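Fold and contact review
Spelled out from the first residue to the last, the chains are:
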Amino acid sequence: MTRRRLAVGAALALAACSSTASDPIDAASVELSASTLTVVAGADAPLTARVRDAGGRDVGGTVVWTTRDAGIAAVTSSASSTGIVRGVAPGTTQVAANFAGRYAVATVTVTPRPVASVVVQPSTVDLRVGGTAQLRARTLDAAGGELTGRTVTFASNAAAVATVAPDGLVTAVAPGTASITVASEGRTALVAVTVTPIPVASVTVAPSAPSIPLGGTVQLAATTLDSLGRPLAGRAVTWTSSDQAVATVSSGGLATGTGVGTARITATIEGRSASATLTVLPRPVASVTLSLASTTLAEGDTARLAVRLADAQGQPLSGRDVTFASDAPNVARVSATGLVTAVAAGTATLSATSEGVRGTVVVRVTALAVAAVRVSPDTTRLAVGATARLTATPLTAGGAPIAGRTIAWTSGAPGVATVASDGTVTALSGGVAVIFAQTGGVVGQAVVIVQAPTVQRVIVSPGTASTPVGSSVTLVATPVDAAGATITGLPVTWSTSDASVAIVSSSGRVVGLAVGTVTIGAASGGATGTATVTITP
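Source: prediction; values computed, not measured.

Turning to the overall build of the chain, a few remarks are in order. Broken down by element type, the chain carries one helix and 56 strands. Relative to the compact-globule value of 24 Å for 537 residues, the chain shows a C-alpha radius of gyration of 70 Å, a clear excess of over 25%. Looking at the chain residue by residue over its 537 residues, the buried ones come to 37%. Put simply, of all contacts in the chain between residues at least 6 apart along the chain, 52% involve residues at least 24 apart. Total accessible area on the chain stands at roughly 27,100 Å², and carbon and sulfur atoms take up 53% of it. Side-chain charges in the chain split into 32 positive and 25 negative, and the spacing between the mean points of these groups amounts to 2 Å.

Written as structure tokens, this is what we have:
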């Protein structure tokens, strides 16, 4: 019903626009070669009208052609019965053929011009990873005319290398090549995309200054950065060592200490490099073991300590500092070089310490039998009051000295000379004293001759004195030699000339008994001296 109304309306419009043939012809019908016609915009298509009378015979004459919408399709006459329809713009309209009031209508559909080719700019793209490029696609008809409003699609054959958005924006993903297909209405164009890595601007190595023991390892890591300081992944690293005698490094950056010292481990990536300073230290001491050929020593013996240093795996270590010590150096002492000397009977723990690790061994020292004691000097001459130091040396049966023994000193004549615990002899009075030194049940001896000094005179002070009956006064007697030097340590004998007047004690104290005068005498070393004492009422 709608189609019919459209045809009628078109016919009325066409009739209004048409003109009548100058010579009326009795036409019964007008037929078109096609009721529908499809034409490409810009192209022409013929449409033929056939006019017949009532008897079905063709009628000659001029047909008037009209279009409902000349903006979609135009029509012109190329012959009396043929109209040339030209597509103007995509759409649908009607074209009518009119003859003497009779007409026929055809529906004309104008389609867009087909895409004959696709042109893309740029046709090749070079990008670095992460970069982008915008593709511009143009659709052209067969004549090279540009077509607008056409649907264009973009596709990448290697999205792992480069992707493309619906609007043609290409994004570089990874190094490699990709082909972008640009399509429109079955026509395609290809864009070659080459993606290169982002250049390395700098390299860092971590850790930057590691230390490992000899034989140890450390994993180094190299980080590559672009010019903006962003890390770059997937780059090939070449590792080298400045001194393989100190450290080697694997292709994966694992450094191994091969000798004590310092080496630079360098990572090189695309012409850029960075280094770490690796210090290889001696393997740390894990254990210290001490041993002696015999852990029992006699006094005076010496022995060398054997020290074995080992690492955690039990491997021997050398060239390390070792400190020796003894917890009882009076029993056994040890030198800085590990020489042990047995000093006296007992036990001692000897130790060796290296890098904070300590090892010990216990040594037992047995006493040597004392066969004799030698006292030196064997004869000493002293004046009264003088001193001298004697030394006693215990000896083995072979005459070897024995150290560390306690000596007991005694004097056979302590009135003549005494001896201290350190062997110091003090002369007291003239005579001969035997000094004994004993240890381990064995006694040695020396002779000390004390020469008494010659007393020239005895000075009694005061020379004169007085005291009442019943009181006392003390006198002092000083023996002196010919030079007037005081002689000490000599006994003094006191006497009185009249015991009924005054008496005198052994210390020189005079006590008055009766009024009178007495002479008090002091004798020492064969010399005498006197003082006069008056006893008053």
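Moving on from the model shown.
This part takes up the UniProt feature "domain: BIG2" (unreviewed entry) in the chain. UniProt tags residues 26-109, 114-194, 199-279, 284-364, 369-449 and 454-534 as "domain: BIG2" (unreviewed entry). Here residues 114-194 is 0% helix and 59% strand, with 32 Å between the C-alpha atoms at its ends. Between the end C-alpha atoms of residues 199-279 the distance is 32 Å, and the span holds 0% helix and 57% strand.

As a further point, take the nonpolar core. The biggest cluster of nonpolar side chains holds 24 residues, and the ones touching the most others in it are Val375, Trp409 and Val425. Element by element, the count of residues in this core is highest for strand 47 (residues 442-451), at four residues.

Across the sheet, which stays open at both edges, the four strands sit in the order 10-18-17-14 with mixed pairing between neighbours. For this open sheet the edge positions go to strand 10 (124-128) and strand 14 (153-156), each flanked by a neighbour on one side alone. Strand-to-strand twist in this sheet, taken as the mean axis angle between neighbours without regard to direction, amounts to 25°. As paired strands, strand 14 and strand 17 (residues 176-184) are joined by four bridges and run antiparallel to one another. Bridge assignment links Phe154 to a residue of strand 17, and that residue is Val182.

So, about the sheet that holds strand 2 (residues 36-40). What links the strands of a sheet is backbone hydrogen bonding, and the strands pair in either a parallel or an antiparallel sense. With mixed pairing, the four strands of this open sheet are ordered in space as 2-8-7-4. The sheet is open, and its two borders are formed by strand 2 and strand 4 (64-67), each paired with just one other strand. Strand-to-strand twist of the sheet, defined as the mean angle between neighbouring strand axes without regard to direction, takes the value 25°.

Let us look at unusual backbone geometry. Apart from glycine, the bulk of residues carry a negative phi angle, and the bulk of peptide bonds sit in the trans form. In this model, Gln121 is joined to Pro122 through a cis peptide bond whose omega is -10°. Checked against the element boundaries, Pro122 lands in the loop between strand 9 (117-121) and strand 10. With an omega of -10°, the peptide bond between Ser461 and Pro462 qualifies as cis. Assignment of secondary structure puts Pro462 in the loop between strand 48 (457-461) and strand 49 (464-468). Of note in this structure, Ala100 is not a glycine but carries a positive phi near 50°. Note that Ala100 resides in the loop between strand 7 (91-99) and strand 8 (102-111). Positive phi outside glycine occurs at Glu355, with the angle close to 55°. Along the chain, Glu355 turns up in the loop between strand 37 (346-354) and strand 38 (357-366). A relative accessible area of 47% places Glu355 in the partly exposed class.

This next bit is on the pairing of strand 46 (residues 431-439). Note: strand 43 (residues 408-411) against strand 46, four bridges, orientation antiparallel. Counterpart to Ala408 in the pairing with strand 46 is Gln438. As paired elements, strand 46 and strand 47 share nine bridges and run antiparallel to each other. Residue pairing in the sheet places Thr439 in a bridge with Val442 of strand 47. Hairpin remark: strand 46 followed by strand 47, antiparallel, with two residues in the connecting loop; positive phi at Gly440, about 60°.

Tracing the sequence through the fold places Asp53 in the loop between strand 3 (44-52) and strand 4. The spacing of Asp53 and Val30 is 23 residues in sequence and 9.1 Å in space, taken between C-alpha atoms.

Across the chain, the average pLDDT comes to 90, with 94% of residues at 70 or higher. Ignoring residues within four places in sequence, the model shows residues 1-24, a span with pLDDT below 50, making 18 contacts including any to other chains.

The next subject is the pattern of salt bridges. Working definition: two side chains of opposite charge can pair if their charged atoms are close together. If you walk through the whole model with that rule in mind, you get 12 salt bridges. One salt bridge in this structure joins Arg405 and Glu299, with 2.2 Å as the shortest N-O distance. On the criterion of sequence distance, the pair formed by Arg405 in the loop between strand 42 (391-395) and strand 43 and Glu299 in the loop between strand 30 (296-298) and strand 31 (302-304) is long-range, its members being 106 residues apart. On the basis of relative accessible area, Glu299 is assigned to the buried category, the value being 4%. Members of the salt-bridge network, linked through shared partners, are Arg50, Arg52 and Asp58.

In this section: the domain arrangement of the chain. When cut into domains, the chain gives domain 1 (29-111), domain 2 (117-196), domain 3 (202-281), domain 4 (287-366), domain 5 (372-451) and domain 6 (457-535). Relative to domain 2, the C-alpha centre of domain 1 lies at a distance of 44 Å.

This part takes up the side chain of Thr224. Its place among the elements puts Thr224 in strand 22 (residues 221-225). According to the relative accessible area criterion, Thr224 is buried, its value standing at 4%. For Thr224, the side chain forms a polar contact with the main-chain oxygen of Leu232, separated by 2.5 Å.

The residue Thr439 is located in strand 46 in this model. Judged by its relative accessible area of 7%, Thr439 falls in the buried class. In terms of polar contacts, Thr439 uses its side chain to reach the backbone carbonyl oxygen of Thr406, at 3.0 Å. The residues touching Thr439, leaving out its near neighbours within four places in the chain, are Val370, Val373, Pro394, Arg405, Thr406 and Ile407.

Thresholds applied
Residues numbered from 1 in each chain as written. Predicted model: local features only at pLDDT ≥ 70, side-chain atom pairs only at ≥ 80, totals over all residues. Heavy atoms only, no water. Helix = DSSP H or I, 4+ residues; strand = E, 2+ residues; numbered from the N terminus. Rg over C-alpha atoms; globule rule 2.2 N^0.38 Å. Buried < 20%, exposed > 50% of the residue type's maximum accessible area, 1.4 Å probe, protein only. Contact = heavy atoms within 4.5 Å. Areas by Shrake-Rupley, 256 points an atom, 1.4 Å probe, with all protein chains shown as cover. Lys, Arg positive; Asp, Glu negative; His and termini not counted. Charge placed at Lys NZ, Arg CZ, Asp CG, Glu CD. UniProt positions renumbered as here; feature names shortened; annotations may be inferred. Core = buried A, V, L, I, M, F, W, Y, C linked by side-chain atoms within 4.5 Å. Pairing = 2+ DSSP bridges. Axes fitted to C-alpha atoms, helices over the stretch in contact; angles between N-to-C directions. pLDDT = per-residue confidence, 0-100. Salt bridge = Lys/Arg side-chain N within 4 Å of Asp/Glu carboxyl O. Domains from an automatic or database assignment. Polar contact = N/O pair within 3.5 Å; in protein donor to acceptor, adjacent residues only side chain to side chain.

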